[in-house]
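Here's the letter readout for the chains.
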Amino acid sequence: MSTSVNKVLILGSAALKIGEAGEFDYSGSQAIKALKEEGIKTVLVNPNIATIQTSEHLADEVYFLPVNPHFVEQVIVKEKPDGILLGFGGQTALNTGIALYKSGVLKKYNVKVLGTQVSTIIDTEDRELFNKRLDEIGVTTCRSKAVSSIDEVVQVAEELGFPVIIRIAYALGGLGSGVCRNKKQLMKIAMKALSHTSQILVEEYLEGWKEIEYEVVRDKFDNCITVCNMENVDPMGIHTGESIVVAPSQTLTNREYHMLREIAIRTIRHLGIVGECNIQYAFSPTSEEYRVIEVNARLSRSSALASKATGYPLAFVAAKLSLGYGLFDLPNKVTKSTTAFFEPALDYVVVKIPRWDLRKFRLVSRRIGSSMKSVGEVMAIGRTVEEAMQKGLRMLDIGANGLVGNSNFQSTHVERELREPTEERIFAVVQAMKSGISVDRIQQLSHIDKFFLHKINHVVEIERELERTKQKTLSEPLLRKAKGAGFSDKQIALATESKEETIRQRRHKFEIHPSFRQIDTLAAEYPAKTNYLYLTYNTSHDDIQFSPAPAHPRTHAHRSDGEMEKWSIAHPHALQQPVLILGSGVYRIGSSVEFDWCCVNAGMTLRELGHSAVMLNYNPETVSTDYDEFDKLIFDEISLETVLEIVHKLNPLGVVVSMGGQIPNTLALPLQKAGVKILGTIASDIDRAEDRHKFSSLLDSLNIAQPEWTEVTTLEDAKAFAHRVGYPVLIRPSYVLSGAAMAVASTDAELFRFLKRATDLSSEHPTVISKFMENAKEIEFDGVAQHGNVVVYAISEHVENAGVHSGDATLVFPAQRTYLETMRQIRAIAKTIASAFNINGPFNIQFIAKNNSVSV
């Protein structure tokens, strides 16, 4: 290890963006932990307030400044670091580091680049240099040429032959890239690409080839291992961030797997990478022909996925290697007996599925391809591809029940959807199978490997079996078969024309429960005491022992303080009874890393108070799915079925639903009805806040001002209300996050269209419409209350007028242009509402101020 490093500067990825999200909070946080363990002072540059890494308990110094050469140089002048880490903040950090290197700033201030050197980074980022370097060792890359003008683009494309793909150097998420099948498409994409950069790559397009990825770790002593290999279900031409990905690869032969592994190790050694990287291949489905597409000499979204898929802490290990350690020096944090110089073995299957929010935008193309559009992703773990894939689709929280049972995902052009994919292509595959299109034909159109198509078809066949039976004749073997193939109770209920609760009761009658399995990185070859768990119906035993805790007197009903005191004396170790925290699930527009911050801080606080903190989440990008952060991490669905099964095994003190955003909040009422103790604000009060009709009715009863409103019962009533109060009006569905389906209508036609969208999204809960107040100021009150009494609060104001969602508005804190009388009214109303809802925990109220009068 290098002993001359006392202070290290770490560059973050700044604002979350498509292609750079919570994965860099995870990798940066791991790097800070690794350095602090060595007694090294850490300085972080990252202006993202919602991340764990910018919390006060991690880095020694945090600069909320733009991650660019100008500001980073100023931090270097002030802090005088010995070293800098460039690989933990995505493309933003990498490009900033390269600019500092080329301008001589790092040399001027004697700042050493730790880990992979900048010359190597440039070799991997510059497409022409990259191809030359790999040619030196006989590794095949795509036939391509770097160009800088439209004339050169046309010339190279004609030499290679159509179709070709355009790529950009030094870019993230396939920015500006695209497949060109003719000269017209070529000119359009090339002109757009050249507007982003001075150098683009014209490359052969390997249509129908598989995309394979290996995560590779190398130390300075030239020890090199592959930690995880992954296979895209979608073929080449669809960005890996847009693809369904399976780990480990399922369709490679043993010979193919080891051939690509050997090439990966040879390539990374030749390039001289120190730390972690990934290598992406195009691989022919009919021969052993391959092409190396690229090497990312940094942590990536794929490396976060690989870390969570295997339990191997890639970012932590990479940070240690950058200090000079060898792989043989570092202990395996899971087994505690072996070293980091090993390749994980998986006795389970992991499926990653992206989430898009394209429906939030008007006139946007729903086609997916080589440029990334997805805003988040889920990771599902199972013992079979079917189980993991069905889980993953439910985790997306888009209204899908799994592969089947999704009447709301129907395409009118199935074959076109298979040939020209949108974000719903997986459902088009299922629809094609149900309509009698053969697996061979689906494979010809989609280029998805038949292995995966047969797995999907297996699920379709089980659904047909279920449809032929009714609930009363549902046999135990068929029920076990369906659960093993990833069917939820709700899916089975839909297929058998029954109810979810009825299926759950039948399943419990047959004693069919999921088992808790460990992720131990070694496929159970070595004993491991790991707290990293998932649930599966494809095994009959738990990997861990559950000790039944004494039933808490408030688990099912409220008791007196005297009864609580007696219970506490009788059970002195009861504080070890676990508390279950529900995470936020998949990132989407309106719900991302901020809820990860909430969950991690809640877990830390619970542990400080002496409780056992258990996390349930399934987002591979997050710090909250790092097994270091909690006493137990359960990587699984956040659904009523899963939570009830976990409560059945863990017997927790209660469940925290207020830290993970909309998914846990929506579960509060069903969980309370099932007898689960909700910690914090009780479910019925949460429901009174989430249900628009109940909320507005309560405000009326408290004489708190609000814009005139009515519940939507019929379209004609809604139209009559709008005409009476005058357009514009605001449509407001219940139980939604980030203003989903909220809209301002200015005409009858808009009113009808927006109402349909709102009721489609939240059909089980009421939608209200209210008068939209124009030229009004919007002010937010964020607070924490205990038993209805406000403990702490903050008031911030929007720069834009009311009507711009708070997530899209510019906020100023503290408020700058708000009258003292307005602030007084806001505090008084907030105090009344907190008391009326008996709030226990966090809450947010949005106010409209106009002419010094305040409305909620």
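Here the structure is a predicted model, which means the values were calculated and not measured. (Residues numbered from 1 in each chain as written. Predicted model: local features only at pLDDT ≥ 70, side-chain atom pairs only at ≥ 80, totals over all residues. Heavy atoms only, no water.)

The next thing to look at is the pairing of strand β7 (residues 164-168). Burial within β7 is extensive, with five of its five residues counted as buried. Where β7 lies against strand β8 (residues 178-180), three bridges are found, and the strand directions are antiparallel. If you follow Val 164 over to β8, its bridge partner there is Cys 180. Summarising the sheet, β7 and strand β9 (residues 200-204) pair through five bridges and their orientation is antiparallel. Within β9, the position partnered with Ile 166 by the bridge is Val 202. (Buried < 20%, exposed > 50% of the residue type's maximum accessible area, 1.4 Å probe, protein only. Helix = DSSP H or I, 4+ residues; strand = E, 2+ residues; numbered from the N terminus. Pairing = 2+ DSSP bridges.)

Before going further, it helps to examine the side chain of Asp 219. Relative to the assigned elements, Asp 219 resides in the loop between β10 (210-218) and β11 (224-232). No salt bridge is formed by the buried Asp 219. Its closest oppositely charged neighbour is Arg 218, at 6.1 Å. From its side chain, Asp 219 meets the backbone nitrogen of Leu 327 in a polar contact 2.8 Å long. Sequence-distant contacts of Asp 219, defined by excluding residues within four places in its chain, comprise Val 274, Leu 321, Tyr 325, Gly 326, Leu 327 and Phe 328. (Lys, Arg positive; Asp, Glu negative; His and termini not counted. Salt bridge = Lys/Arg side-chain N within 4 Å of Asp/Glu carboxyl O. Polar contact = N/O pair within 3.5 Å; in protein donor to acceptor, adjacent residues only side chain to side chain. Contact = heavy atoms within 4.5 Å.)

Here helix α8 (residues 183-194) is twelve residues long and its end C-alpha atoms lie 16 Å apart, about the 16 Å a rise of 1.5 Å per residue gives. Within α8, the full set of buried residues consists of Leu 186, Ile 189, Ala 190 and Ala 193. Down the axis, α8 shows its buried residues gathered within 100° of arc, on one side only. Every exposed residue of α8 that faces more than 90 degrees away from the buried side is listed here: Lys 184, Lys 188, Met 191 and Lys 192. Check the buried side of α8 and you find it contacts α7 (150-160), β7, β8 and β9. With a side-chain oxygen lying 3.2 Å from the backbone nitrogen of Lys 184, the N-terminal cap of α8 falls on Asn 182. (Expected span 1.5 Å × (residues − 1). Arc of directions from axis to C-beta.)

Moving on: the packing of helix α22 (residues 640-650) against helix α23 (residues 662-673). Think of two packed helices as two axes; the pair is described by the angle between the axes and how far apart they sit. At a minimum axis separation of 10 Å, α22 and α23 run at an interaxial angle of 55°. Comparing their axes, α23 and α22 come out oblique. Like other packed secondary-structure pairs, α22 and α23 cross with a definite hand, here right-handed. The residues of α23 that touch α22, namely those facing Leu 640, Val 643 and Leu 644, are Leu 667, Pro 670 and Leu 671. (Axes fitted to C-alpha atoms, helices over the stretch in contact; angles between N-to-C directions. Parallel < 35°, antiparallel > 145°, perpendicular 65-115°, else oblique. Left-handed = near helix turned anticlockwise from the far one by under 90°.)

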